[in-house]
Amino acid sequence: MAAAVKQAAASHKNVLLQLGGNWCIWCIYFNDLVKNDAELDKYLRANYVVVHVNYSPENKNEKVLADLGYPQRFGFPVFVVLDDKGKRLHTQNSAYLEEGKGHSKAKVMEFFQNWSPAAIDPKSYETKAK
């Protein structure tokens, strides 16, 4: 995660932590949606450094999860957005991104957009002088 934060700082991006594991079908659904949808994949790569954080009976990553405010309370997958200094900005319950037997492209894109560097930059909201 430290390397991802460093990379995010150098490239003016945020960090998206996807917590879960390959045992989690909803984690796989989310990952497949984003990787296989060119628009989502492009937006994600343009705005975030992505880190998959494993949670499993063999590796619960208890210290990492404690440091992140116990996001596992929402189930898996769960997403944590960090800024380019490593500060936690948001924890996203993936249930709000679901639709039917998968995830909604529109809801996922909205989540990505709402926590992108531009969305949280105060300069994005300054009135431009005419």
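Source: prediction; values computed, not measured.

1. Some words on the packing of helix α2 (residues 25–36) against helix α5 (residues 105–114)
Direction vectors running N to C along α2 and α5 enclose 80°, while the axes themselves pass 11 Å from each other. With respect to α5, the element α2 is oriented roughly perpendicular. Listed contacts from α5 to Phe 30, Leu 33 and Val 34 of α2 are Lys 105, Val 108 and Phe 112. Here the contact of α2 with α5 is built from residues that sort into five nonpolar, no polar and one charged.

2. A word on the pairing of strand β1 (residues 14–20)
Two faces make up the sheet, and in a regular strand the side chains alternate between them. Within β1, seven of the seven residues are buried, which leaves it mostly tucked inside the rest of the structure. Along β1, one buried face is formed by Asn 14, Leu 16, Gln 18 and Gly 20 and the opposite face, lined by Val 15, Leu 17 and Leu 19, is buried too. In this sheet, strand β2 (residues 48–54) lies alongside β1 in parallel orientation, the contact comprising seven bridges. In the strand pairing of β2, Gly 20 is matched with Asn 54.

3. Re the layout of surface pockets
Quantified by volume, the largest pocket comes out at close to 160 Å³. Forming the boundary of the largest pocket are His 12, Lys 13, Asn 14, Asp 83, Asp 84, Pro 117, Ile 120, Asp 121 and Pro 122. Residues belonging to the lining of the largest pocket are distributed by class as follows: three nonpolar, two polar and four charged.

4. Some details on the pattern of salt bridges
One pass over the structure, following the stated rule, counts five salt bridges. As a salt-bridge pair, Asp 37 and Lys 105 come within 3.1 Å of each other at their nearest N and O atoms. Placement of the pair is Asp 37 in the loop between α2 and α3 (38–47) and Lys 105 in helix α5, with a sequence separation of 68 residues. For Asp 41, the salt bridge identified is with Arg 45, shortest N-O distance 2.9 Å. Remark: Arg 45 and Asp 41 occur in helix α3; sequence separation between them is four residues, near one turn of the helix. Overall, the relative accessible area of 18% leaves Asp 41 in the buried class. Through salt bridges with shared partners, one network takes in Asp 37, Glu 39 and Lys 105.

5. Focus on the packing of α2 against α3
Between α2 and α3, whose axes approach to 5 Å, the crossing angle comes to 90°. When the axes of α2 and α3 are compared, the pair comes out roughly perpendicular. Counted together, Leu 33, Val 34, Lys 35 and Asn 36 of α2 and Ala 38, Leu 40, Asp 41 and Leu 44 of α3 form the full contact between these two elements.

6. Some remarks on unusual backbone geometry
Here Phe 76 and Pro 77 are connected by a cis peptide whose omega angle stands at -5°. If you trace the backbone, Pro 77 turns up in the loop between α4 (62–67) and β3 (78–82). The phi angle at Tyr 70 is positive, at roughly 60°, despite the residue not being glycine. Along the chain, Tyr 70 turns up in the loop between α4 and β3.

Each value, and the rule that gives it
In this numbering scheme, every chain counts its residues from 1 along its sequence in written order. Given that the model is predicted, a residue must reach a pLDDT of at least 70 before its local features are reported, and side-chain atom pairs must reach 80 or more before they are shown or counted; all residues, however, enter totals for whole chains, interfaces and linings. Computation of side-chain values: all heavy atoms of the structure, hydrogens and water removed. Comment: axis = line fitted to C-alpha atoms, over the contacting stretch for helices; angle = value between 0 and 180 degrees taken between N-to-C directions. The secondary structure listing takes helices from DSSP runs of H or I that are at least 4 residues long and strands from runs of E that are at least 2 residues long, numbered from the N terminus. Each angle is binned into one of four classes, with values under 35 degrees roughly parallel, values over 145 roughly antiparallel, values of 65 to 115 roughly perpendicular, and all other values oblique. What makes two residues a contact is simply this: any of their non-hydrogen atoms within 4.5 Å. Asp, Glu, Lys and Arg are counted as charged, while Ala, Val, Leu, Ile, Met, Phe, Trp, Tyr, Cys and Pro are counted as nonpolar; the rest, among them Gly, fall into the polar class. Three exposure classes are used, based on accessible area relative to the maximum for each residue type with a 1.4 Å probe and protein chains only: buried under 20%, partly exposed in between, and exposed over 50%. Here, strands pair whenever DSSP counts at least two bridges between them. Put simply, the grid is 1 Å and covers the protein atoms alone, a cavity is a trapped set of points that fit a 1.4 Å probe, a pocket is an open set with protein on both sides within 12 Å along at least five of seven lines, and lining residues have an atom within 4 Å of a point. Grid points are joined across faces, edges and corners, and a volume is the space filled by probe spheres set on the points. A carboxyl oxygen of Asp or Glu within 4 Å of a side-chain nitrogen of Lys or Arg is what we treat as a salt bridge.

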